[in-house]
Amino acid sequence: MIDLPLALYVHMPWCVRKCPYCDFNSHQLKSGRPDASYIDALIRDFDLEAPRVRGRRIDSVFFGGGTPSLFSPADFARLIDALKQRIDFADGAEITLEANPGTIERGRFKGYAEAGINRVSLGAQSFDANALKVLGRIHSADDTYRAVEELVAAKLGNFNLDLMYALPQQSLEQALNDVQIACSLGASHISYYQLTLEPGTVFHSRPPALPDEDAAWQIQLEGQKMLADRGYTQYEVSAYAKEGAQCRHNLNYWLFGDYLGIGAGAHGKVSVKTPEKILRTVKPKQPREYQAEIGRAALSAGENSFIAAADLPFEFMLNALRLNDGFSSDCYQARTGLPLQNLDEKLARAQERGLLEPMDSGWRPTELGRRFLNDLQAGFLA
């Protein structure tokens, strides 16, 4: 049996409205609320995946979207109970729910907490009314304030606020005001990331006027300084946390841990045997197709493929180099099945370029390496 951390990602693909910058697998909701039959499909999906991880336990769960908070507390209670009947959960397993402030009704977070949710990621994005309008968000700043009040009342103090910067026509002052408000709300974790124009989005086909590269860099640096001054330590490219509040689920991704992916369009990665059999899975993207295929599948639905051993170094480095603290040699070997010594030349080259620096037990990106992360990652391509 493989002895690696195991996470579970559950994709819930519906939104009230698709945002113009979003390239995630999300679909506009046609009815008042998602059909509860999707919960049945998720349980069936897990049953099909379970043989791959028999004897292992779940260390973290992440309900992502879309907008998972469109589902009711009762839906989550049914799903989480069904999962716990099928696989062991670690004591204190981190169970995160993504939520849109515009979909939270009075008392709903209390219901989510009772269902087993113990961490929430709230999509604030900005506190500026005009910015929220341009971004196509369905909520207001007041909705975010009320959602935070509900979180605190429900004793869900371990929450993240998503915050975007370098927004259309955003000034440095406006960006820092967003950061200041986010810090004042008492989040244990803040995700602070730059708006990018992704292919296939409305913003990509009709680009808005964004701050130039120098202005965006200044916004990033000043925002990072403000976060640091208020006790948020950067541990990943866009992740900042109070002490002890790093997102355990995402750390598992970044360090090439295993995770099951269930739900429409969900991705998974499971180590059957390292390095020969590290499996990637992808579920059908369209919810209707996904539910139909799950309903008739005798084996795991979707597309499955093993990662070629030659690609494992790049697959590992692609995410591990996003972490400020880098990675240990033991972690690399345990999760790829390969000795780190095989990469001595590539590591030395990155060090010579000033992009990597050695630690007692491994390697970490330098400040220059974090700024030119794509160049650093590319150095480990097969």
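Calculation criteria
- Residues numbered from 1 in each chain as written.
- Predicted model: local features only at pLDDT ≥ 70, side-chain atom pairs only at ≥ 80, totals over all residues.
- Heavy atoms only, no water.
- Pairing = 2+ DSSP bridges.
- Helix = DSSP H or I, 4+ residues; strand = E, 2+ residues; numbered from the N terminus.
- Axes fitted to C-alpha atoms, helices over the stretch in contact; angles between N-to-C directions.
- Parallel < 35°, antiparallel > 145°, perpendicular 65-115°, else oblique.
- Left-handed = near helix turned anticlockwise from the far one by under 90°.
- Contact = heavy atoms within 4.5 Å.
- Nonpolar A, V, L, I, M, F, W, Y, C, P; charged D, E, K, R; others polar.
- Core = buried A, V, L, I, M, F, W, Y, C linked by side-chain atoms within 4.5 Å.
- Buried < 20%, exposed > 50% of the residue type's maximum accessible area, 1.4 Å probe, protein only.

Q: Any chance you could explain the pairing of strand β9 (residues 233-236) here in plain terms?
A: On a regular strand, one side chain projects to one face of the sheet and the next to the other, so that they alternate. Bridge analysis of β9 against strand β10 (residues 239-241) gives three bridges, and the strand direction is antiparallel. Within β10, the residue paired with Gln 234 across the bridge is Tyr 240. In this structure, the hairpin formed by β9 and β10 is closed by a connection of two residues.

Q: What should I look at first to understand the sheet that holds strand β17 (residues 362-365) in this one?
A: Backbone-to-backbone hydrogen bonds join strands into a sheet, with any given pair of strands oriented parallel or antiparallel. Taken in spatial order, the three strands of this open sheet run β15-β17-β16, and their pairing is antiparallel. Looking at the sheet topology across the chains shown, the edges are occupied by β15 (327-328) and β16 (356-358).

Q: Teacher, can you tell me more about the packing of helix α1 (residues 37-49) against helix α10 (residues 287-296) here?
A: To describe two helices that pack against each other, one gives the angle between their axes and the distance between the axes. At a closest axis distance of 9 Å, the pairing of α1 and α10 adopts a crossing angle of 50°. The angle between the axes of α1 and α10 places the two elements in the oblique class. As for how α1 packs across α10, the hand of that crossing is left-handed. Listed contacts from α10 to Ser 37, Tyr 38, Ala 41, Leu 42, Arg 44, Asp 45 and Leu 48 of α1 are Tyr 290, Gln 291 and Ile 294. Here the contact of α1 with α10 is composed, by residue class, of six nonpolar, two polar and two charged.

Q: Where do I start with the nonpolar core in this structure?
A: With 72 residues, the main nonpolar core has Phe 63 and Phe 109 as its most contacted residues. Here this core takes seven residues from α1, the largest share from any one element. What Phe 109 contacts, discounting residues up to four positions off in sequence, is Ala 99, Ile 104, Val 120, Leu 122, Ala 147, Glu 150, Leu 151, Ala 154 and Leu 156. Within the second largest apolar cluster, 31 residues are counted, among which are Leu 251, Ile 278, Cys 331 and Trp 363.

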